[in-house]
Amino acid sequence: MVFELRPGSLFYIAGTVVHGFGRGSKQLGIPTANLDTYTVSQLPSSVANGIYFGWAKVDEHRVAKTVVSIGWNPYFKNSTRSVEAHLMRTFQEDFYDSVLHLLLLKYHRPERDFYNLNDLIECIQDDIRQATDYLNQPEPSRLKDTPWFSASATSTENGMP
Ligand code: ADP
Ligand code: MG
């Protein structure tokens, strides 16, 4: 099932990368950078849980394709939400405590329960393939040049005259 976000309803979110709840995403080859709980608590409740496609920028690295999961956070007994972004790029080092800027363009699917790990991994790999196809299209591709990301680059120069 694929829902398109309505025009104008794409959204931006930026926060600090914190430690997740050690579900071993990295061991599965799909590390997810978790945003801090304060930032996540600012998300309007009208934002649906599920899987989104978009663009991500961390520190001075180039903008990367991303698959983002918004859902309930089991660590807090599902009383708060979590936002986790898998960036489709290889990083030499972890980037905990960095500021992560996200632009979410497309709602892809709701969350699902999985009965076994293989199904989960296959589904995520399929999400990643579809995200690649979607983001390579001209319109979504152009949006990676949003001023939102250039502003994030200059904001590391805080204190400059
Ligand atoms: P945690 O449970 O702490 O979130 P993960 O196994 O999900 O641990 O790994 C996430 C961390 O891995 C991120 O916070 C980030 O520092 C690092 N990382 C390295 N490469 C990536 C990537 N391509 N996408 C997302 N996070 C990455
Ligand atoms: Mg994670």
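These notes cover the structure that comes with them. (Residues numbered from 1 in each chain as written. Chains lettered and ligands numbered in written order. Predicted model: local features only at pLDDT ≥ 70, side-chain atom pairs only at ≥ 80, totals over all residues. Heavy atoms only, no water.)

1. Quick look at the site of ligand 1
Piece 1. Residues in contact with ligand 1 amount to 19 residues; listed here are only the nearest, Gly-20, Asn-34, Leu-87, Phe-95 and Tyr-96.
Piece 2. Between Gly-20 and ligand 1, the recorded distance is 2.8 Å, taken from a backbone N or O atom to an oxygen atom.
Piece 3. Within the side chain of Asn-34, an N or O atom sits 2.8 Å from an oxygen atom of ligand 1.
Piece 4. Coverage of ligand 1 by the protein chains reaches 93% of its 560 Å² of free accessible surface. (Near = heavy atom within 4 Å. Polar contact = N/O pair within 3.5 Å; in protein donor to acceptor, adjacent residues only side chain to side chain. Areas by Shrake-Rupley, 256 points an atom, 1.4 Å probe, with all protein chains shown as cover.)

2. As for the environment of Ile-70
Piece 1. With respect to the helices and strands, Ile-70 occurs in strand S4 (residues 64-72).
Piece 2. The exposure class assigned to Ile-70 is buried, which follows from its relative accessible area of 1%.
Piece 3. Taking the C-alpha atoms as reference points, Ile-70 and Ser-82, twelve residues apart in sequence, are found 5.7 Å from one another.
Piece 4. Beyond its immediate chain neighbours, meaning those up to four positions away, Ile-70 contacts Phe-11, Leu-43, Val-47, Ala-48, Asn-49, Gly-50, Tyr-52, Arg-81, Ser-82, Val-83, Leu-104 and Glu-111. (Helix = DSSP H or I, 4+ residues; strand = E, 2+ residues; numbered from the N terminus. Buried < 20%, exposed > 50% of the residue type's maximum accessible area, 1.4 Å probe, protein only. Contact = heavy atoms within 4.5 Å.)

3. Digging into the environment of Gly-50
Piece 1. Among the structural elements, Gly-50 can be located in strand S3 (residues 50-58).
Piece 2. Each C-alpha atom of the pair Gly-50 and Glu-111 lies 4.7 Å from the other, and the pair is 61 residues apart in sequence.
Piece 3. Excluding anything up to four places from it in sequence, Gly-50 contacts Val-68, Ser-69, Ile-70, Tyr-107, Arg-109, Pro-110 and Glu-111.

4. Re the coordination of the magnesium ion (ligand 2)
Piece 1. Protein coordination at the magnesium ion (ligand 2): the donors are Thr-32 (O), Thr-32 (OG1) and Asn-34 (OD1), at 2.2 to 2.3 Å from the metal.
Piece 2. Residue Thr-32 is classed as partly exposed on the basis of its relative accessible area of 25%.
Piece 3. Under the relative-accessibility criterion, Asn-34 is labelled buried at 7%. (Donors = N, O, S within 2.8 Å, 3.2 Å for Na, K, Ca; no water.)

5. Some words on the pairing of S4
Piece 1. Among the nine residues of S4, seven are classified as buried, and the element is accordingly described as predominantly covered.
Piece 2. In the sheet, S3 pairs with S4 via seven bridges, with the strands oriented antiparallel. Along S4, the bridge assignment pairs Trp-55 with Lys-65.
Piece 3. Between S3 and S4, which pair antiparallel one after the other, the connecting turn spans five residues, and Asp-59 there sits at a positive phi close to 50°.
Piece 4. Sheet analysis places S4 next to strand S5 (residues 81-87), joined by seven bridges and oriented antiparallel. Residue pairing for S5: Thr-66 is matched across the bridge by Leu-87. (Pairing = 2+ DSSP bridges.)

6. Observations regarding helix H2 (residues 117-135)
Piece 1. The first and last C-alpha atoms of H2 sit 27 Å apart over 19 residues, in line with the 27 Å expected at 1.5 Å per residue.
Piece 2. Listing the buried residues of H2 in full gives Cys-123, Ile-124, Asp-127, Ile-128, Ala-131, Tyr-134 and Leu-135. Taken down its axis, H2 places every buried residue within 140° of arc, on the same side. Exposed residues on H2 whose side chains face more than 90 degrees from its buried face are Asn-118, Glu-122 and Asp-133.
Piece 3. Packed against the buried residues of H2 are S3, S4, S5, strand S6 (99-109) and helix H3 (138-142).
Piece 4. With a side-chain oxygen positioned 3.0 Å from the backbone nitrogen of Asn-118, the residue opening H2 is Asn-116. (Expected span 1.5 Å × (residues − 1). Arc of directions from axis to C-beta.)

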